[in-house]
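The chain contents come next:
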Amino acid sequence: MANYDENNDILQMSQFIKDHKINYISEFVDYCLSSNPQWYEMIVDNRRIQYTLVLLLESIRADNTDDVTLNVGIV
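Residues numbered from 1 in each chain as written. Predicted model: local features only at pLDDT ≥ 70, side-chain atom pairs only at ≥ 80, totals over all residues. Heavy atoms only, no water.

Topic: the environment of K21
For K21, the position within the fold is in the loop between α1 (2-19) and α2 (25-35). The spatial distance from the C-alpha of K21 to the C-alpha of R61 is 9.9 Å, given a sequence separation of 40 residues. (Helix = DSSP H or I, 4+ residues; strand = E, 2+ residues; numbered from the N terminus.)

What follows is the structure, encoded as structure tokens:
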């Protein structure tokens with residue numbers, strides 16, 4: 001049952017990150033510290049959740065690079 005609850009919490013965190021367009025773990029930790037201390041405690045205490053969130057955020061940033069226009073100056 002604990003594994004199910006953990007997976008459910010990870011899904012909720014993932015959805016929150018996507019909905020609020022969070023790109024960095026520091027942004028998510030700031031949110032947790034100010035508004036959701038339960039999630040903060042889970043992140044701090046659980047290496048699997050940390051790893052999953054880092055992979056999710058890396059994936060989100062990689063997907064967002066397609067939308068970024070590059071400004072390249074001529075040397």
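Resuming the write-up.
Things to note about the packing of helix α3 (residues 37-45) against helix α4 (residues 47-64)
Where α3 meets α4, the axes come as close as 5 Å, and the angle between the chain directions of the two elements is 100 degrees. By the criterion of interaxial angle, the relationship of α3 to α4 is roughly perpendicular. Residue-level contacts link M42, I43, V44 and D45 of α3 to R47, I49, Q50 and L53 of α4. Considered class by class, the residues forming the contact of α3 with α4 number five nonpolar, one polar and two charged. (Axes fitted to C-alpha atoms, helices over the stretch in contact; angles between N-to-C directions. Parallel < 35°, antiparallel > 145°, perpendicular 65-115°, else oblique. Contact = heavy atoms within 4.5 Å. Nonpolar A, V, L, I, M, F, W, Y, C, P; charged D, E, K, R; others polar.)

Focus: α4
Over its 18 residues, α4 extends 26 Å from the first C-alpha to the last, a length consistent with the 26 Å expected when each residue adds 1.5 Å. All buried positions along α4 are accounted for by I49, L53, L56, L57 and I60. Taken end-on, α4 shows its buried residues confined to a sector of 95 degrees, consistent with a single buried face. Every exposed residue of α4 that faces more than 90 degrees away from the buried side is listed here: R47 and Y51. Structurally, the start of α4 carries an N-cap: the backbone nitrogen of R48 is 2.9 Å from a side-chain oxygen of N46. (Expected span 1.5 Å × (residues − 1). Buried < 20%, exposed > 50% of the residue type's maximum accessible area, 1.4 Å probe, protein only. Arc of directions from axis to C-beta. Polar contact = N/O pair within 3.5 Å; in protein donor to acceptor, adjacent residues only side chain to side chain.)

Here we look at the nonpolar core
Judged by nonpolar contacts, the single largest core of 15 residues is most densely connected at M13, I17, F28, W39, I43, I49 and L53. For this core, the secondary structure elements donating two or more residues are α1, α2, α3 and α4. Examining the composition of this core, we find that five residues originate from one element, α4, more than from any other. Once residues lying within four places of it in the same chain are set aside, the contact partners of M13 are F28, W39, M42, I43, I49 and L53. (Core = buried A, V, L, I, M, F, W, Y, C linked by side-chain atoms within 4.5 Å.)

Looking at a nonpolar patch on the surface
Together, L33, Y40 and V44 make up a nonpolar patch on the protein surface, roughly 260 Å² of accessible area in all. Mapped onto the elements, L33 comes out in helix α2. Using a relative accessible area of 52% as the deciding quantity, one classes L33 as exposed. (Patch = residues over 30% accessible without salt bridge, like charges linked within 9 Å, V, L, I, M, F, W, Y side chains within 5 Å. Areas by Shrake-Rupley, 256 points an atom, 1.4 Å probe, with all protein chains shown as cover. Salt bridge = Lys/Arg side-chain N within 4 Å of Asp/Glu carboxyl O.)

So, the confidence of the model for the protein
A residue-level look at the protein finds 83% of positions with pLDDT of 70 or above and a mean pLDDT of 84. Overall, residues 68-73 carries pLDDT values under 50, and its contacts beyond four positions in sequence, including any with other chains, amount to zero contacts. (pLDDT = per-residue confidence, 0-100.)

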